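# Residue-level structure breakdown
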Amino acid sequence: MNNFTFYSPTEFVVGKETENQVGTLCAKYEATRVMIVYGGGSAVRSGLLDRVKVSLAASGMEMCELAGVQPNPIDTKVREGLELAHSFRPDFLLSVGGGSVIDTAKAIAVGYHYEGDFWDFYAGKAKPAKALPIGVVLTIPAAGSEGSGNSVITNTKTHVKVGIRQPMILRPKFAIMNPELTLTLPEWQTASGISDMMAHILERYLSNTPEVQIGDRLAEGMLLAIMETAERLMENPNDYDARANIMWCGTIAHNDTCSLGRVEDWNSHAMEHEISAEYDVTHGAGLAVIFPAFLQYAAKHNAHKVAQLAHRVLGIADSGNAEADALAGALKLKSWLHDTLHMPVTFAQLGIEEPDLELLNTRLHNLKGAILPGGYMPLDAQATMEIYKLAME
Ligand code: NZQ
Ligand code: ZN
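This text gives an overview of the structure that appears in the document. Here the structure is a predicted model, which is why all the values come from computation and not from measurement.

## Re the coordination of the zinc ion (ligand 2)
- On the protein side, the zinc ion (ligand 2) has D196 (OD), H200 (NE2), H269 (NE2) and H283 (NE2) as donor atoms, found 2.0 to 2.1 Å from it.
- All donor residues of the zinc ion (ligand 2) come from one chain, and their arrangement in sequence is D-x3-H-x68-H-x13-H. Taken as a pair, H200 in helix α8 (residues 187–205) and H269 in helix α11 (residues 267–279) lie far apart in primary sequence, 69 residues in all.
- Residue class for H200 comes out buried when judged on its relative accessible area of 2%.

See below:
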């Protein structure tokens, strides 16, 4: 196991009606002027936003609102938010929504104290030194941004979708997670979220670092629990306990609990971000297309961890041939994503009949370099093209 530092200060408040604590939690973290950030309307339609505002008002908070964050959030919305923030001067940002809303708030949080354009951080030209504090009322278990130090934004001019990772300043102060709020999710969003959290676990699981048994077993246990619970949820979307388990799993899948002390991969995410940047597809659905293709490629080129996954999680018997078992595991996961989660597993099923693979691959390597530096399997342009092509089948 490698050395590590783990700083995860977020207070998680999980359970029914917990959104009514948002005012007291903001006060606890010394907020007085709260800028609320939310999405395209689900929080308004469900009445959640009103309940949040009542709770904030009861704790004496001044408020302003940034509405209309879209999935695959964009730089122009961040700039709109920064303009509002500079006139309102909040001392706290409250995200009411999912990854897109939280990531937009995080971008505003780092941009607020910076004289230049916030995109400098995402372009790697500057490193944020401080951020406004953030709180979250989570409405969709998926991206795990409520517990992560990451923010992913798309540049509308260049179609570059890229993340920053700053856990020391960007992990939220608190995250309110009421599973009841997720009962309004359409099946597509529920399933895409599950696909995303599984990918977050796999990006960490696929590692060549030896002697990481705790992380491996945590990851395997979470994947087994997600798959069992997801099957229940697909049958009965109103199953509160299934919703609760999935919601908590989305957080620990991505707050680094299972990746401490190891080198992680993250090449599948880089490959998917090119797809959602160009075609504006749902991130978790894009991963359902890319991840099985990536695992099929890995079966040929670095099978050991995929074979372990196949044996311990996917029910493939150990034949003594790691490559064959890894391939069987990859195909089993692909079928499960398609048959149980009803996710697309090819570009065509994702609604992209004729993807411009050359464009995706060129942008990918322009952004990440000639070799994608994945910790499990570095990939050159030929390798990533092979994976994109496997995702056509
Ligand atoms: O905008 P509204 O109307 O609220 O609708 C949203 C949106 O259309 C809807 N929704 C959310 N909660 C709902 C609901 N609909 C009904 N009932 C509810 N309770 O769901 C849609 C998707 O929301 P979004 O916030 O985009 O989902 P998600 O949490 O999957 O976030 C995706 C974004 O996060 C990034 C992705 O790339 C993508 O841009 N990621 C962020 C990460 C991070 N910060 O750590 C890591 C991830 O790997 C990921 O890259
Ligand atoms: Zn993801």
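## What to know about the pairing of strand β7 (residues 160–165)
- Relative to β7, strand β6 (residues 150–155) runs antiparallel, the two being bridged by 6 bridges. Bridge assignment links N155 to a residue of β7, and that residue is V160.
- Taking the residues between adjacent antiparallel strands as the criterion, β6 and β7 are bridged by 4 residues, where H159 takes a positive phi near 60°.

## Examining the packing of aromatic side chains
- If you walk through the whole model with that rule in mind, you get 9 aromatic pairs.
- Judged by centre distance (5.8 Å) and plane angle (15°), the rings of F92 and F174 are stacked. A residue pair is termed long-range when its members are at least 10 positions apart, and F92 in strand β4 (residues 92–97) and F174 in strand β8 (residues 174–177) qualify at 82 residues. Note on accessibility: F92 and F174 belong to one class, buried.

## Section: the site of ligand 1
- In the region of ligand 1, 31 residues are neighbours, and G40, S42, G99, S100 and H200 sit closest.
- Taking H254, its side chain carries an N or O atom lying 2.9 Å from an oxygen atom of ligand 1.
- In isolation ligand 1 offers 950 Å² of accessible surface; the protein chains occlude 89% of this area.
- Considered class by class, the residues forming the shell around ligand 1 number 8 nonpolar, 20 polar and 3 charged.

## Digging into a nonpolar patch on the surface
- On the surface, M1, F4 and F6 cluster together to form a nonpolar patch covering roughly 310 Å² of accessible area.
- For F6, the location among the structural elements is in the segment before β1 (11–14).
- F6 gets classed as partly exposed once you look at its relative accessible area, which sits at 36%.

## Overview of the sheet that holds strand β3 (residues 62–66)
- The sheet built from 6 strands is open, its strands ordered β1-β8-β5-β4-β2-β3 with parallel pairing. Lying at the two open borders of the sheet, with one neighbouring strand each, are β1 and β3. Going from strand to strand, the sheet's axes swing by 20° on average, the running direction of each strand aside.
- Direction of pairing for β4 relative to strand β5 (residues 134–138): parallel, over a ladder of 5 bridges. Looking across to β5, one finds that V96 is bridged to V137.

Conventions we followed
- Residues numbered from 1 in each chain as written.
- Chains lettered and ligands numbered in written order.
- Predicted model: local features only at pLDDT ≥ 70, side-chain atom pairs only at ≥ 80, totals over all residues.
- Heavy atoms only, no water.
- Donors = N, O, S within 2.8 Å, 3.2 Å for Na, K, Ca; no water.
- Helix = DSSP H or I, 4+ residues; strand = E, 2+ residues; numbered from the N terminus.
- Buried < 20%, exposed > 50% of the residue type's maximum accessible area, 1.4 Å probe, protein only.
- Pairing = 2+ DSSP bridges.
- Phe/Tyr/Trp six-rings, centres within 6.5 Å; stacked < 30°, edge-to-face > 60°.
- Near = heavy atom within 4 Å.
- Polar contact = N/O pair within 3.5 Å; in protein donor to acceptor, adjacent residues only side chain to side chain.
- Areas by Shrake-Rupley, 256 points an atom, 1.4 Å probe, with all protein chains shown as cover.
- Nonpolar A, V, L, I, M, F, W, Y, C, P; charged D, E, K, R; others polar.
- Patch = residues over 30% accessible without salt bridge, like charges linked within 9 Å, V, L, I, M, F, W, Y side chains within 5 Å.
- Salt bridge = Lys/Arg side-chain N within 4 Å of Asp/Glu carboxyl O.
- Axes fitted to C-alpha atoms, helices over the stretch in contact; angles between N-to-C directions.

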